[in-house]
Each structure stands twice: as C-alpha cells, then as structure tokens.
Amino acid sequence: MSENQRALIDRLTAACGGSYLPEVRRRYFISGPQWAAAYQGQALFHAPTREPITYHDVICQYARIGIGYWTTHDTDVIPTETLLTDRQWEIVNDIKRTLDQHGLKCSMVTTETFFHPVWAASAAAEAPEIRAYAAQRLANTVRIGHHLGAQFAVYWPGTLGYLVQGAVEETQTLCWFAEGLNTACEADIETARQKNRPTLKHCLEAKPFEPQAEILLPTTDAMLAFISSGLLTHPEMVGVNPEYLHELMWGAAPRAALARALLAGKLWHFDINDGYRLKHDVDVAVGLVNPLDWLNVLVLLRSHDYNGPFNLDFKPPRTTSNYGVFQVSFPTAVDRFITLWEMAGEALADPIMKEATETLKAGGGGKGAVGDLVAANRELLTLHELIAHRLFQILIGQHRGRRYSL
Ligand code: GLO
Ligand code: MG
Ligand code: MG
C-alpha cells in the first residue's frame, strides 16, 4: 500500500518537472536545518505525525538532494544533559565525520534557549545562575561551531519577553541579554585565535510573537537598534538573520525590512520561508504563499550582491510523511528558491524593466512652479504600474511568450 503511494508521489513529482540536478542545487548557498527536516509535526494542539529521524538521516538525505550546507541547534543533536560534557565532543566528532563523508559543510550553529524548562524565564532570567548557564551554553555553541567549520552563529531569543506584565524589567533584561552575547563574542575571539580561523558572524533573529506573549526585541529593526545600543562590547561582530515570515507576521514589507538591514551593513544570514500576515509562525516553504513578493525580495538581494546563506527554515506540513519530507518538501523548496533567484536575475537584466527604471530616475524635467514638476512627471509615473506588471509577467513566464488564448 504505502509502496504504491510512494511510487505515485515519485511519479507525480517527476511529472511536475522543473527540478534541478543536485550539482546545480549545490552551487547556491542554501542550508538545510537539522530541526526543519526532523520536525515531527507537533505543536500545542498537534500530536506528531512523523517518526523521529537522526542527523545521519538528515545529512545523508540533504547530500542526495544537493543541499550543500547543514545548520543545527545544539540540542537538535546533543541531549541537554550531555552538553558541556566530554561525551558531547564524541557526538560532535561523529557529526563532523558524517558531514565529511557526505560532502556537506556546517554553515551555522545556534543555541536552543527556548524549549528546555531551564529557559522558562528566558536565557536573560533574574537568577544569576541561569544567566551563567546561558553564557556557558552560548560559548559552548561557538566552540562547537568552530569545530564543525561553521561561519555563522544565530540567536533567536524566543523567550526574551513575558506572558504576564510587571515582573520583567525591560532595560535590565536587555542588559543581561547583551552580557550573554558579549560572552559568546569573547569565546569566539579566543577560539578563533587558537584555531587560526576567522571569528564567526553572530546574527540576531527576531520574531514578533511566539512563544512569549510580549517580545522585547520583536523585529529586525529592533535588533539593529539593539546592536547599536552601546550594550555590546563587539557590535562589529553582530548582525542580523531576518526570517521572511517573521517580518511578514508583524505586517512589515519583508523587502523593506531587508533593505534597512542592508543599509546598516548587517544583513549576514537569511531564513527563508513563507506564510501569512498577522498570523502565527506557520513556516510554510518558500514561495508557496507569496511568490511575487519573494521575487521582489530576491531582486533586492541580487541587486545588492547579498552573498550570505539562504537557510530553509520552514516546517514540512503535518500532512507530509517522512518519505515526503525528502522527496517533496526539501527538493521542491530548493527548486522554487533557485527558480525565483534566477527570475530575479532576469528581472534585473530585462530591457523593459531597465528602461522603465532608468527613465524614472532621469525624471521628467520641469522647473520652477510645482505645477510644472507635476505635469512633467505625470505620464512617466504610469511606469510604476507597468514595472509591477512586468514583474508579474516574469513570474509566470509571459515575458518569454507564454500565452493563454481562448
Ligand atoms: C523560530 C525560529 C527558529 C530559529 C532557530 C535558529 O521561529 O525561526 O527556527 O530560526 O532557532 O536560531
Ligand atoms: Mg528562523
Ligand atoms: Mg518561523
């Protein structure tokens, strides 16, 4: 039964066409998170629908698909009780062997500071021993990262906030949060020196809601302000990892949020996915909800030569099987990303887009009275809508002559 169903999935996936070869997929800086593939479909109102899988399974499947980079939380692969013990290094060495064997690289490591009960009052809790433990964990992740050859460390302070108001003093909590990051940067400088490697890029990731009711650093803009607040001892080592959906969730234009991070020189890492405005963190795979917006985002990133990772931080839906995760979820997400990236290249090279954009920039002339300025630009400004139409055409392939005739 399930064999037949798998054969059907394979046949229909192949019939979809449009997939890229693994070697083509590997040319892009696309990373696959351990937690995304191993996500079992559970949530507050949902029991798991998929079987547990190991990092061996995930690394081996990513290699087969052509996802060249792997990312992980410390506790995705090392049980909390084993962290900071000798046994942790046995696991890390086994991960290293497994990555090498399959030709993958670890690009990013991150500390889980939201799931375990020790983080009930966040990693910047009032109790000094919790903060000391958090600092140890962050420094430990940095060392693991260097050991695995990573270039990035990401911080999603998901519990930095509160459910009930009054007990958490915001400025104090943010100072404590900064102390944790300062420890991580110090540990990084020290480890990088010992290993003769560059320091990691430390990237802050914001989410406007979940799992706390109120979040102290809810947006990428808040993270940028925090980086330049004076609380960090090494602000030059700290940038941002925006997540597409996290910006959309609060109602932002993700493209504008990314632009602000680019201007600050802090756009170093990017979590890619999709979803809906003003809803919870549904983590749908890239391009399944807002492909036109995604095309626009990638036009911006390509035009600014963004060369950081694209981290597939989505969750395969509960209706997808373990088999489907690697046959459908990941390969199709990668292929939609590549397609949108290449389309963004076409948009930038498109003669109509170019001429329209350049003409707008040249302006309609006119001098003197405000009425003249308006009149001189009136016809030109219709180009805004024409450009939007052209992007739609590029998205659906009409710029290559695709027609729908009755
Ligand atoms: C959750 C976040 C989470 C982070 C991860 C990396 O909403 O997106 O998946 O990206 O913890 O730090
Ligand atoms: Mg994320
Ligand atoms: Mg998310």
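All values derive from a computational prediction rather than experimental measurement.

Reading guide: rules and limits
- Per chain, residues are indexed from 1 in the order of the written sequence.
- Naming scheme: in the order in which they are written, chains are lettered from A and ligands are numbered from 1.
- At least 70 in pLDDT is required for a residue's local features to be given in this predicted model, at least 80 for side-chain atom pairs to be given and counted, and no such filter applies to totals for whole chains, interfaces and linings, which use all residues.
- Neither water nor hydrogens contribute to the side-chain values; these are computed over all heavy atoms in the structure.
- A 1.4 Å probe rolled over the protein chains alone gives each residue an accessible area, and that area as a share of the maximum for its type sets the label: buried under 20%, exposed over 50%, partly exposed in between.
- Secondary structure follows DSSP: runs of H or I at least 4 residues long count as helices, runs of E at least 2 residues long count as strands, and numbering of each begins at the N terminus.
- Paired strands are those between which DSSP finds at least two bridges.
- We call a residue near a molecule or strand when any one of its heavy atoms sits within 4 Å of it.
- Any N or O atom pair separated by 3.5 Å or less is treated as a polar contact, with the protein-specific requirement of one donor-capable and one acceptor-capable atom, and with residues adjacent in sequence counted only for side-chain atom pairs.
- Working definition of accessibility: Shrake-Rupley area with a 1.4 Å probe, residue cover restricted to the visible protein chains.
- All amino acids are sorted into three groups, where Ala, Val, Leu, Ile, Met, Phe, Trp, Tyr, Cys and Pro are nonpolar, Asp, Glu, Lys and Arg are charged, and the leftover types, Gly among them, are polar.
- Any two residues whose heavy atoms approach within 4.5 Å at even a single point are treated as in contact.
- Interaxial angles span 0 to 180 degrees and are taken between N-to-C directions of axes, which are lines fitted to C-alpha atoms, for helices over the stretch in contact.
- Only nitrogen, oxygen and sulfur atoms within 2.8 Å of the metal, or 3.2 Å for Na, K and Ca, are treated as donors, and water is left out, so sites may look incomplete.
- The rule is simple: four donors are tetrahedral if all their angles sit between 85 and 135 degrees, four are square planar and six octahedral if opposite donors span more than 155 degrees and the others lie between 65 and 115, and anything that fits none of that is irregular.
- The cut-offs work like this: below 35 degrees is roughly parallel, past 145 is roughly antiparallel, 65 to 115 is roughly perpendicular, and the gaps in between are oblique.
- In this scheme, a crossing is called left-handed if the near helix is turned counterclockwise away from the far one by less than a right angle; it is called right-handed if the turn is clockwise.
- To pair, rings of Phe, Tyr and Trp, with the six-membered ring standing in for Trp, must have centres within 6.5 Å; the planes then decide the type, stacked if under 30 degrees apart, edge-to-face if over 60, and tilted in the middle.
- Ring-over charges, as used throughout, are those where CZ of Arg or NZ of Lys falls within 6 Å of the ring centre and within 35 degrees of the ring normal.

**Student:** Explanation requested: the pairing of strand β2 (residues 69-73) in the structure shown.
**Tutor:** Here is the key point about a regular strand: its side chains alternate between the two faces of the sheet. Counting buried positions along β2 gives five out of five residues, so the element sits mostly inside the fold. Sheet topology places strand β1 (residues 30-33) next to β2; three bridges connect them, and they run parallel. The partner of P33 across the bridge, within β2, is T71. Two elements, β2 and strand β3 (residues 105-110), share five bridges in a ladder whose sense is parallel. Across the sheet, the residue bridging to T72 is V109, located in β3.

**Student:** Would you explain the site of ligand 1 in this entry?
**Tutor:** The full set close to ligand 1 counts 13 residues, and H73, E205, E243, D281 and D313 are the nearest of them. One of the side-chain nitrogen or oxygen atoms of D281 is found 2.8 Å away from an oxygen atom of ligand 1. Across the complex, the protein chains shield 96% of the 320 Å² of accessible surface that ligand 1 would expose by itself. Of the residues that constitute the shell around ligand 1, the class distribution is four nonpolar, three polar and six charged.

**Student:** What should I look at first to understand the sheet that holds strand β6 (residues 201-204) in this one?
**Tutor:** Either a parallel or an antiparallel arrangement is found when strands of a sheet pair, and the pairing is made through backbone hydrogen bonds. Taken together, eight strands build an open sheet; the order of strands is β8-β6-β4-β3-β2-β1-β10-β9 and the sheet is parallel. Edge strands, defined here as strands with exactly one partner in the open sheet, are β8 (238-240) and β9 (270-271). On top of the sheet, helix α8 (residues 170-195) reaches β4 (152-155), β6 and β8; it is set at about 160° to β6, its chief contact.

**Student:** Can you help me understand the coordination of the magnesium ion (ligand 2) in this one?
**Tutor:** Expected angles at a metal are 109.5 degrees for tetrahedral coordination by four donors and either 90 or 180 degrees for octahedral coordination by six donors. Within the protein, the magnesium ion (ligand 2) binds to E205 (OE), E243 (OE), D271 (OD) and D313 (OD); these donor distances fall in the range 2.0 to 2.1 Å. Considering all six donor atoms around the magnesium ion (ligand 2), angles at the metal cover 80 to 169° and the coordination shape is octahedral. When the donors of the magnesium ion (ligand 2) are listed by position in the chain, the intervening gaps give E-x37-E-x27-D-x41-D. In this model, the magnesium ion (ligand 2) sits 4.7 Å from the magnesium ion (ligand 3), the two metals being bridged by E243. Linking D271 in strand β9 with D313 in the loop between β10 (310-311) and α13 (322-349), this pair joins segments that are 42 residues apart in sequence. When its relative accessible area of 7% is taken as the criterion, D313 is described as buried.

**Student:** I would appreciate a short explanation of the packing of helix α14 (residues 351-362) against helix α16 (residues 383-396) in the present structure.
**Tutor:** Any two packed helices are characterised by the angle at which their axes cross and by the distance between the axes. Direction vectors running N to C along α14 and α16 enclose 160°, while the axes themselves pass 10 Å from each other. Classed by the angle they form, the pair α14 and α16 counts as roughly antiparallel. Taken as a pair, α14 and α16 cross one another with a handedness that is left-handed. Taking contact as the criterion, the partners of I352, M353, A356, T357, T359 and L360 in α14 are, on α16, L383, H384, I387, R390, L391 and I394. Residues belonging to the contact of α14 with α16 are distributed by class as follows: eight nonpolar, three polar and one charged.

**Student:** How should unusual backbone geometry be read in this particular structure?
**Tutor:** The bulk of non-glycine residues show a negative phi, and the bulk of peptide bonds are trans. The omega torsion across E210 and P211 is -5°, close enough to zero to call that bond cis. Tracing the backbone through its elements, the reader meets P211 in the loop between β6 and β7 (214-215). Positive phi outside glycine occurs at S122, with the angle close to 80°. Among the structural elements, S122 can be located in the loop between β3 and α7 (128-148). For D305, which is not glycine, the phi dihedral falls at a positive 55°. With respect to the helices and strands, the residue D305 is situated in the loop between α12 (291-303) and β10.

**Student:** Looking at this structure, how should I read the packing of aromatic side chains?
**Tutor:** Working definition: an aromatic ring pair is given by the centre-to-centre distance plus the angle between the planes. Applying the stated criterion to the full structure yields 16 aromatic pairs. Ring plane angle 35° and centroid distance 5.4 Å describe the contact between F177 and F226, whose orientation is recorded as tilted. Highlighted residues: F177 in helix α8 and F226 in helix α9 (residues 220-227), separated in sequence by 49 residues. Exposure class is identical for F177 and F226. Each is buried. Ring centres of F326 and F330 lie 6.2 Å apart, and the angle between their planes is 25°; this geometry places the pair in the stacked category. Residue F326 and its partner F330 are located together in helix α13, separated by four residues, close to a single helical turn. A single burial state applies to F326 and to F330, both of which are buried. One Lys or Arg, R131, reaches over the ring of W176 and ends 3.8 Å from the middle of that ring.

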